[in-house]
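# Overview (structure and organization)
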Amino acid sequence: MPEMQPHESRSVNQPRSLYIHVPFCAHRCGYCDFTLVAGKDHLADKYLDALTLEIDRELRTESTTQSKPELDTVFFGGGTPTQLSAEQLERLCSIVHDRFQLTQSTEFSVEANPARMTDDKIAVLADAGVNRTSLGVQSFDDATLTMLERDHRRADVFGCVERVRSRIANISLDLIFAVPGQSLPLWESTLQSAVDLSPTHLSTYGLTFEKGTAFWTRREKGELPQATEDLERRMYEVAMEKLAAHDFHQYEISSFARPGFRCRHNQVYWTGQSYFGFGPGAAGLMNNERRQNHRSVTTWLKKVLAGESAIGDVEKLDPESFARELLVLGLRTNDGVDRAWFQETSNFDLDQLGGASIRRLVTQGLLEEKGATIRLTHQGRFLADTVAGELL
Ligand code: SF4
């Protein structure tokens, strides 16, 4: 076998994407293990001070060659970015505009909570150039929302979508399935309600029980019945069928878009491109390094406000690790991994890198080859983690 060549990956390049983590929520939902503080909105101004310092520090470093980098995509995620007041959101947008160049074609997305997307916040975001909203709807069934400990109800979503759409037409809805007590017909009716609202994009996630969450503990005590594998699989299958029938094209394991409305920001992650990541718990990828910020909001605040780095961990990606990650991430997408693109991006030959595993997964019916591309089969979509485990 010829020796594998080191790559000069795209992640060497100046990032053209920016993720900002906003770590505030009114309450921590029982299933959530994201980086956030609940009920601590009084820290928001301090957070914005620290964020400014963190970004300025990064932009002063050698790895950032332009003084005001131009961005293709911006994403405010959380937590709940709309937990900030309208004034604080305005300040957050100004922090970005003062330090980065956004153009007419920049995709600028903000995650929002249907209960907190007030008219003044919508106006601030739209005026600042936000052109895509991702609403954390999760369900259109009030009992399911109560189980998930969400602070909005079905009725809130309709009014919210209408108000957001008057200023920001590109709306994505997040939905969760396999929730304790959720039946297949209830999930189908949630999908139908979502489709009826005509969003441009839908993301569907099976509920996971993460160690350390309240849901994990309740399940261990036998208080929460977890959906069976069969039911979860059927729910995912129904989502794929129903959304395809309504012209939502699945382009990634959890993502469905009307033509022309794929999330460009997420595609940056799946294609191994560089990105800035700021805020507690945020990750960034640049110079072949994955940088992980301190996950504790208070540690992040303390470090950054003291003039220290926000980064808690740096993983140097060796060429082969980068190539394997690129392969696994690429396989999450319905387009799959094109051999020529893979070679160009990683400098690794796909078959040299994973030939034996790929052939085995093809034989098992989990991967398929179509011309120069390999991708997950329908069956493989249910077992994507198993496929990833074989290839990493
Ligand atoms: S609103 Fe979202 S980020 Fe906040 S606690 Fe609930 S699931 Fe987590």
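In this text the structure is predicted, and so the values were computed from the model without any measurement.

### Examining the side chain of glutamate 252
Of note, glutamate 252 is situated in strand S9 (residues 249–252). Separated by 2.9 Å, the side chains of glutamate 252 and serine 255 make a polar contact. If we ignore the near neighbours within four places in the chain, the residues touching glutamate 252 are Trp270, Arg332, Thr333 and Asn334.

### Observations concerning the sheet that holds strand S1 (residues 17–22)
In space, the nine strands of this open sheet follow the order S9-S10-S8-S7-S6-S5-S4-S1-S11, with mixed pairing throughout. Here the strands that pair on one side only, and so sit at the sheet edges, are S9 and strand S11 (276–278). Ignoring which end each strand starts from, the neighbouring axes of this sheet average 20 degrees apart. As defined by bridge partners, strand S4 (residues 70–78) adjoins strand S5 (residues 101–112) across six bridges and the pair is classed as parallel.

### Points about the side chain of aspartate 141
Its place among the elements puts aspartate 141 in the loop between strand S6 (132–138) and helix H4 (142–147). Summary of buried charges: aspartate 141 has no salt-bridge partner, and the nearest side chain of opposite charge, arginine 154, is 7.3 Å away. Polar contacts involving the side chain of aspartate 141 include one to the side chain of threonine 144, which spans 2.5 Å. Sequence-distant contacts of aspartate 141, defined by excluding residues within four places in its chain, comprise Leu186 and Thr190.

### Observations concerning the confidence of the model for the chain
On average, residues of the chain score 93 in pLDDT, and 96% of them reach the 70 mark or higher. Below pLDDT 50 for its whole length, residues 1–12 participates in 37 contacts with residues either more than four positions away or in separate chains.

### A few points about the nonpolar core
In terms of nonpolar packing, the biggest core is built from 98 residues, with Leu18, Ile20, Phe76, Leu92, Phe100, Leu173 and Phe342 touching the most fellow members. Counting residues per element, this core draws most heavily on helix H1 (residues 44–60), at seven residues. There are two domains that each give this core at least three residues, and those are domain 1 (10–270) and domain 2 (319–391). If near-sequence neighbours (up to four positions away) are discounted, phenylalanine 100 is found in contact with Leu18, Ile55, Leu59, Lys68, Pro69, Leu71, Phe276 and Phe278.

### Here we look at helix H2 (residues 86–99)
Helical geometry note: an α-helix holds 3.6 residues per turn, so side chains three or four residues apart project in the same direction. For H2, spanning 14 residues, the distance from its first C-alpha to its last is 20 Å, which sits close to the expected 20 Å at 1.5 Å a residue. Listed in full, the buried residues belonging to H2 are Ala86, Gln88, Leu89, Leu92, Cys93, Ile95, Val96 and Arg99.

### Some points on the packing of helix H13 (residues 350–363) against helix H15 (residues 384–391)
The geometry of H13 relative to H15 is characterised by a closest axis approach of 9 Å and an angle of 155 degrees between their N-to-C directions. Relative to H15, the element H13 lies roughly antiparallel. Counted together, Ser357, Ile358, Arg360 and Leu361 of H13 and Val387, Glu390 and Leu391 of H15 form the full contact between these two elements.

### So, the domain arrangement of the chain
Under the domain assignment used here, the chain contains domain 1 (10–270) and domain 2 (319–391). Computed from C-alpha atoms alone, the centre-to-centre distance between domain 1 and domain 2 is 28 Å. Facing the 14 residues of domain 1 at the interface are 16 residues of domain 2. Contact between domain 1 and domain 2 buries roughly 1,400 Å² in total, counting both sides, with carbon and sulfur atoms accounting for 53%. Taken together, the connections running from domain 1 to domain 2 amount to two salt bridges. Between arginine 262 and aspartate 335 there is a salt bridge, with the nearest N and O atoms lying 3.0 Å from each other. Where domain 1 meets domain 2, there are eight residue pairs in polar contact (both at pLDDT 80 or more). Secondary structure elements with two or more residues in the side of domain 1 that touches domain 2: helix H8 (229–245), S9 and helix H9 (264–270). Residue contributions to the side of domain 1 that touches domain 2 peak at four residues, all from H8. Looking at side-chain class alone, the side of domain 1 that touches domain 2 contains six nonpolar, three polar and five charged residues.

### Some details on the pattern of salt bridges
A full pass over the atoms with the stated rule returns 25 salt bridges. Residue arginine 218 pairs with glutamate 149 through a salt bridge whose shortest N-O separation is 3.7 Å. Highlighted residues: arginine 218 in helix H7 (residues 214–220) and glutamate 149 in the loop between H4 and helix H5 (154–165), separated in sequence by 69 residues. The partner of glutamate 390 in a salt bridge is arginine 360, with the nearest N and O atoms 2.9 Å apart. Placement of the pair is glutamate 390 in helix H15 and arginine 360 in helix H13, with a sequence separation of 30 residues. The exposure class of arginine 360 is partly exposed, given its relative accessible area of 40%. Among the ionic contacts, a cluster of salt bridges with common partners joins Glu58, Glu289, Arg291 and Lys316.

### Section: helix H12 (residues 339–346)
Along H12, the positions that sit buried rather than exposed are Trp341, Phe342, Thr345 and Ser346. Summarising the axial view, the buried residues of H12 lie within an arc of 100 degrees, below the 170-degree limit, and thus occupy one face. Across from the buried face of H12, at angles greater than 90 degrees, the exposed residues are Ala340 and Glu344. Tucked into the core, H12 has its buried residues touching helix H11 (319–332), strand S15 (337–338) and H13. Two or three places before alanine 340, at the opening of H12, aspartate 338 has a side-chain oxygen 3.1 Å from that residue's backbone nitrogen. Once H12 finishes, asparagine 347 follows within two positions and takes phi at roughly 65 degrees, a positive value.

Reading the values: rules and limits
Throughout this description, residue numbers start from 1 for each chain and increase along the sequence as written. Per-residue local features of the predicted model are confined to residues with pLDDT of at least 70, and side-chain atom pairs are confined, for both listing and counting, to 80 or more; whole-chain, interface and lining totals are unaffected and use all residues. With hydrogens and water set aside, each side-chain value is computed from the structure's full complement of heavy atoms. Here a strand is any run of E in DSSP of at least two residues, a helix any run of H or I of at least four, and the numbering for each starts at the N terminus. Nitrogen and oxygen atoms within 3.5 Å of one another constitute a polar contact, given that in protein one can donate a hydrogen and the other can accept it, and given that sequence-neighbouring residues count only through two side-chain atoms. In this description, contact between two residues means that some pair of their heavy atoms is separated by no more than 4.5 Å. One requirement defines pairing of two strands: DSSP has to find at least two bridges between them. Only the stretch in contact is used when a helix axis is fitted, and all axes are lines through C-alpha atoms; the angle between N-to-C directions ranges over 0 to 180 degrees. Relative accessible area decides the class of each residue, using a 1.4 Å probe on protein chains only: under 20% of the type maximum gives buried, over 50% gives exposed, and in between gives partly exposed. Counted as positive: Lys and Arg. Counted as negative: Asp and Glu, with His and the chain ends omitted from the count. Throughout this description, the term salt bridge denotes a Lys or Arg side-chain nitrogen within 4 Å of a carboxyl oxygen of Asp or Glu. Scored from 0 to 100, pLDDT records how confident the predictor is in each individual residue. For the purposes of this section, nonpolar cores are sets of buried Ala, Val, Leu, Ile, Met, Phe, Trp, Tyr and Cys residues that join through side-chain atoms within 4.5 Å. The start and end points of each domain follow an automatic or database-based domain assignment. Multiplying 1.5 Å by the residue count of a helix minus one yields the expected span of that helix. Here the word oblique covers every angle except those under 35 degrees (roughly parallel), over 145 (roughly antiparallel) and from 65 to 115 (roughly perpendicular). Put simply, buried area is the surface a 1.4 Å probe can reach on two separate parts but cannot reach once they are joined, added for both. As a working rule, the residues Ala, Val, Leu, Ile, Met, Phe, Trp, Tyr, Cys and Pro are called nonpolar, Asp, Glu, Lys and Arg charged, and the rest polar, with Gly in that last group. This arc is built from the directions going out from the helix axis to the C-beta atoms.

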